[in-house]
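The primary structure of each chain is shown beneath.
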Amino acid sequence: ILLVLESNAQYASAKVCPLYCIINQGIYMTCPSSGSQKLEPVCNCCLAKTGCKLYRDNGTLICTAT
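The written sequence of each chain sets the order in which its residues are numbered from 1. A pLDDT threshold of at least 70 governs which residues receive local features in this predicted model, and a stricter bar of 80 or more applies before side-chain atom pairs are shown or counted, although totals over entire chains, interfaces and linings include all residues. Excluded from the side-chain calculation are hydrogens and water; included are all heavy atoms of the structure.

## Side note on the overall build of the protein chain
Point 1. Labels follow the DSSP assignment, with helices taken as runs of H or I lasting at least four residues and strands as runs of E lasting at least two, numbered in each case from the N terminus. Secondary structure assignment for the protein chain yields zero helices and three strands.
Point 2. Walking the protein chain from its N terminus toward its C terminus, one meets helices and strands in the order β-β-β.
Point 3. Reported accessibility uses the Shrake-Rupley method at a 1.4 Å probe radius. Residues are deemed covered only where the shown protein chains occlude them. For the protein chain, the exposed surface amounts to about 5200 Å²; the carbon and sulfur share of it is 56%.

## Overview of the pairing of strand S3 (residues 61-64)
Point 1. Both strand S2 (residues 53-56) and S3 contribute to a ladder of three bridges, which runs antiparallel. Across the sheet, residue Tyr-55 finds its bridge partner in S3, namely Leu-61.
Point 2. Strand pairing is defined by DSSP finding a minimum of two bridges between the two strands. Here S2 hands over to S3 after four residues, with Gly-59 in that stretch at a positive phi of 95 degrees.

## Regarding the sheet that holds S3
Pairing between sheet strands relies on hydrogen bonds along the backbone, with the strands arranged either parallel or antiparallel.
Point 1. On the basis of which strands lie adjacent, the open sheet formed by three strands has the order S1-S2-S3 and antiparallel pairing. The open sheet is flanked by strand S1 (27-30) and S3, the only strands paired with a single partner. For this sheet, the mean inter-axis angle between neighbouring strands, taken without regard to orientation, is 20 degrees.
Point 2. The pairing of S1 with S2 spans four bridges and is classified as antiparallel. Within the sheet, the bridge partner assigned to Tyr-28 lies in S2 and is Tyr-55. Angles run from 0 to 180 degrees between N-to-C directions of axes, and those axes are lines fitted to C-alpha atoms, restricted for helices to the stretch in contact.

## So, the packing of aromatic side chains
The geometry of an aromatic ring pair is captured by two quantities: the separation of the ring centres and the angle between the planes.
Point 1. Within 6.5 Å between ring centres, the rings of Phe, Tyr and Trp (the latter by its six-membered ring) count as paired, and their orientation is classed by plane angle as stacked under 30 degrees, edge-to-face over 60, tilted in between. Summed over all chains, the structure comprises one aromatic pair.
Point 2. Taking the centre distance of 5.3 Å and the plane angle of 20 degrees together, the rings of Tyr-28 and Tyr-55 count as stacked. Taken as a pair, Tyr-28 in strand S1 and Tyr-55 in strand S2 lie far apart in primary sequence, 27 residues in all. Each of the two residues, Tyr-28 as well as Tyr-55, counts as buried. Buried, partly exposed and exposed residues are distinguished by accessible area as a fraction of the type maximum, computed with a 1.4 Å probe on protein chains only: under 20%, between the cut-offs, and over 50%, respectively.

## Some words on the environment of Gly-26
Point 1. In this fold, Gly-26 is placed in the segment before S1.
Point 2. Given a relative accessible area of 28%, Gly-26 falls into the partly exposed group.
Point 3. Separated by 30 residues in the primary sequence, Gly-26 and Arg-56 place their C-alpha atoms 6.1 Å from one another.
Point 4. Note on contacts: a residue pair is in contact if any heavy atoms of the two residues lie within 4.5 Å. If we skip the residues at most four places from it in the chain, Gly-26 touches Tyr-55, Arg-56 and Asp-57.

The structure is reproduced here in structure tokens:
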């Protein structure tokens, strides 16, 4: 029996996100598409769209999605 495994390189760079959520820390999110409007945040920056930023309620930046 001959088994041939083939890999498709276009699917090899999947994004792996951590399994933790920071939304219970009193945060909000802004995204380039909405300007400075405060949005309901996603769990963490890994799950946000590129360029979106998560902030604490006091305005300090937590992270920027890449």
